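Inside the fold
Each chain is listed here by its residues.
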Amino acid sequence: MEKQQQRHGTEEIPTRDQKFSVLNCIDLSSSDIQQSVSLLKQACLDCGFFYVVNHGISQEFMDQVFFESKKFFQLPLDEKMNLLRNEKHRGYTPVLDELLDPDNQLHGDYKEGYYIGVEVPEDDPQAEKPFYGQNVWPADYLLPGWRQTMERFHKEALEVARAVARIIALALNLEADFFDRPEMLGQPITVLRLLHYGGQISDPSKGIFGAGAHSDYGLITLLATDDVVALQICKDKNAQPQVWEYVAPIRGAFVVNLGDMLERWSNCIFRSTLHRVVGNGRERYSVSSNQMWDLS
């Protein structure tokens, strides 16, 4: 397994008004499983956010995924609109299309995205389910090899999620393979989302955000991002006023956060935390892998 660098992005220097959250870092290559369980459990009780490093996806391949993602978002708008998100939530979502915090946002999110899900043939009985079906792919002549790159990352991110889920199971005093058992949780559903923030400046006082405040709905989310500081978390959503802290990007790492599903399954012991993206005028790219499980 390739050892990956643990360093903060170097292009952006934090300003005095940027308060950063201190998050635990889980090394998936560590042989000290008890330390990993302890660090993860503390993070899940505290804020539901932590870093994962040495996860087995090479930095070279991560860079390739970001390169291919940028190539897609650089396509002309009419080409992207030909791939507009369908009823299966696959494909392109334009700027302002998604509204994550309608009570506090003036417009939709200042981001564009692309959804990729579990691929099954049209004639497969599972294709009738909400989160299964065929993906929408750019033509190969537009982006040669693009589909193959994203399908590979989709698969590898699931394996990272399985490794994290085993540590979560141990942190909940369950058997390590609890989340792997088909008789308990069925088949995993992984939704891959490519995201591009175009460089707009957010203004929370006016309800303008890169992405509005929300918690994720699945089990866990793995987030890979570039070095632009923009992600914020609110550890106590009931506080007045709410206190928001930045999450520093670490090259080669995933930022992992718990979803609403895991908060409910743990009887609210583990936390699904509000987070948002506040743009500072710099263009930003990220790739998220949201893990759910099919209970049907």
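Keep in mind that what you see is a predicted model, and the values were worked out from it rather than measured. (Residues numbered from 1 in each chain as written. Predicted model: local features only at pLDDT ≥ 70, side-chain atom pairs only at ≥ 80, totals over all residues. Heavy atoms only, no water.)

Observations regarding the packing of aromatic side chains
As a reminder of what qualifies: Each Phe, Tyr or Trp ring, with Trp reduced to its six-membered ring, pairs with another whose centre is within 6.5 Å; inter-plane angles below 30 degrees give stacked pairs, above 60 give edge-to-face pairs, and intermediate values give tilted ones. Partly exposed describes any residue whose relative accessible area lies between the buried limit of under 20% and the exposed limit of over 50%, with all areas from a 1.4 Å probe on protein chains only and scaled to the type maximum. Note on geometry: a ring has a charge over it if NZ (lysine) or CZ (arginine) is within 6 Å of the ring centre and within 35 degrees of the ring normal.
Taken as a whole, this structure holds twelve aromatic pairs when the rule is applied. With a centroid separation of 6.3 Å and 70 degrees between ring planes, the pair formed by Trp-137 and Trp-146 is classed as edge-to-face. Side by side, Trp-137 and Trp-146 carry an identical accessibility label, which is buried. An aromatic cluster is present here, built from Phe-72, Phe-73, Tyr-92, Tyr-114, Trp-137, Trp-146 and Tyr-285 joined pairwise through their rings. Here the basic side chain of Arg-152 rests over the ring of Phe-61, its NZ or CZ set 3.7 Å away from the ring centre.

With respect to the pattern of salt bridges
Quick note on the threshold: Put simply, a salt bridge is a Lys or Arg side-chain nitrogen that is within 4 Å of an Asp or Glu carboxyl oxygen. Each helix is a run of H or I in the DSSP string that is no shorter than four residues. Each strand is a run of E no shorter than two, and both are numbered from the N terminus.
All chains considered together, the criterion is met by 17 salt bridges. Notably, a salt bridge pairs Glu-98 with Arg-85, separated by 3.4 Å at the nearest N-O pair. Of this pair, Glu-98 sits in the loop between strand E3 (91-93) and strand E4 (112-116) while Arg-85 sits in the loop between helix H3 (77-81) and E3, and the two are 13 residues apart along the sequence. Given a relative accessible area of 11%, Glu-98 falls into the buried group. Taking relative accessible area as the criterion, Arg-85 reaches 27% and is therefore assigned partly exposed. Arg-193 is the partner of Glu-98 in a salt bridge, and the nearest nitrogen-oxygen pair spans 3.0 Å. With Glu-98 in the loop between E3 and E4 and Arg-193 in strand E7 (residues 188-197), this pair connects stretches of sequence that are 95 residues apart.

Looking at the nonpolar core
Operational definition: Here the nonpolar core consists of buried residues drawn from Ala, Val, Leu, Ile, Met, Phe, Trp, Tyr and Cys, with membership extended through side-chain atoms lying within 4.5 Å. For this analysis, residues touch if any pair of their heavy atoms sits within 4.5 Å.
Ranked by size, the top nonpolar core spans 51 residues in total, and within it Phe-50, Tyr-114, Phe-153, Val-164, Ile-220 and Phe-254 carry the most contacts. It is helix H4 (residues 146-171) that provides the largest number of residues to this core, a total of twelve residues. Setting aside chain neighbours within four positions, we find Phe-50 in contact with Leu-23, Asn-24, Ile-26, Leu-40, Ala-43, Cys-44, Val-164, Phe-254, Val-255, Val-256 and Leu-258. The next biggest cluster of nonpolar side chains, apart from the first, holds 13 residues, and it includes Phe-49, Val-53, Leu-231 and Val-247.

Digging into the packing of helix H2 (residues 59-73) against H4
For clarity, the threshold we go by: Between N-to-C directions, angles cover 0 to 180 degrees, with each direction set by a line fitted to C-alpha atoms, over the stretch in contact for helices. For classification, angles of less than 35 degrees are called roughly parallel, those exceeding 145 degrees roughly antiparallel, those between 65 and 115 degrees roughly perpendicular, and all remaining angles oblique. For any helix crossing, the convention is left-handed if the near helix is rotated counterclockwise from the far helix by under a right angle, and right-handed if that rotation is clockwise. Three residue categories are used. Nonpolar comprises Ala, Val, Leu, Ile, Met, Phe, Trp, Tyr, Cys and Pro, charged comprises Asp, Glu, Lys and Arg, and polar comprises the others, including Gly.
H4 packs onto H2 with a crossing angle of 130 degrees between their chain directions and a minimal axis gap of 10 Å. Taken together, the axis directions place H2 and H4 in an arrangement best described as oblique. Taken as a pair, H2 and H4 cross one another with a handedness that is left-handed. Here Phe-61, Met-62, Gln-64, Val-65, Glu-68, Ser-69 and Phe-72 of H2 lie close against H4, whose contacting residues are Trp-146, Thr-149, Met-150, Arg-152, Phe-153 and Glu-156. When its residues are assigned to classes, the contact of H2 with H4 shows seven nonpolar, three polar and three charged.

Some thoughts on unusual backbone geometry
The linkage connecting Gln-240 with the following residue, Pro-241, adopts the cis geometry, with an omega of -5 degrees. Positive phi, normally seen in glycine, also occurs at His-89, with a value near 60 degrees. Mapping His-89 onto the fold places it in the loop between H3 and E3. The class for His-89 is partly exposed, based on a relative accessible area of 43%.

Considerations on the pairing of strand E12 (residues 254-258)
The criterion, for reference: Pairing between two strands is assigned when DSSP locates at least 2 bridges connecting them.
The element E12 is extensively covered by neighbouring structure, given that five of its five residues are classed as buried. Both faces of E12 are covered, namely the face carrying Phe-254, Val-256 and Leu-258 and the face carrying Val-255 and Asn-257. Where strand E2 (residues 49-53) and E12 come together, four bridges link them in antiparallel fashion. Counted as the bridge partner of Phe-50 is Val-256 from E12.

Re the packing of helix H1 (residues 33-46) against H4
Running from N to C, H1 and H4 point in directions that differ by 80 degrees, and their axes come no closer than 9 Å. The pairing of H1 with H4 is recorded here as roughly perpendicular in orientation. Taking contact as the criterion, the partners of Ile-33, Ser-36, Val-37, Leu-40 and Lys-41 in H1 are, on H4, Val-164, Ile-167, Ile-168, Leu-170 and Ala-171. By residue class, the composition of the contact of H1 with H4 is eight nonpolar, one polar and one charged.

A word on the sheet that holds strand E11 (residues 245-246)
Hydrogen bonds between backbone groups are what pair the strands of a sheet, and the pairing can be parallel or antiparallel. Here four strands make up an open sheet; going across it, the order is E8-E13-E10-E11 and the pairing antiparallel. At either end of the open sheet lies a strand with only one pairing partner, and these are strand E8 (211-214) and E11. Taken together, the two bridges between E8 and strand E13 (residues 274-277) define a ladder with antiparallel strand orientation. Considered in E13, the bridge of Ala-211 is made with Val-277.

Such coordinate-based values are descriptive only and should not be taken to indicate function.
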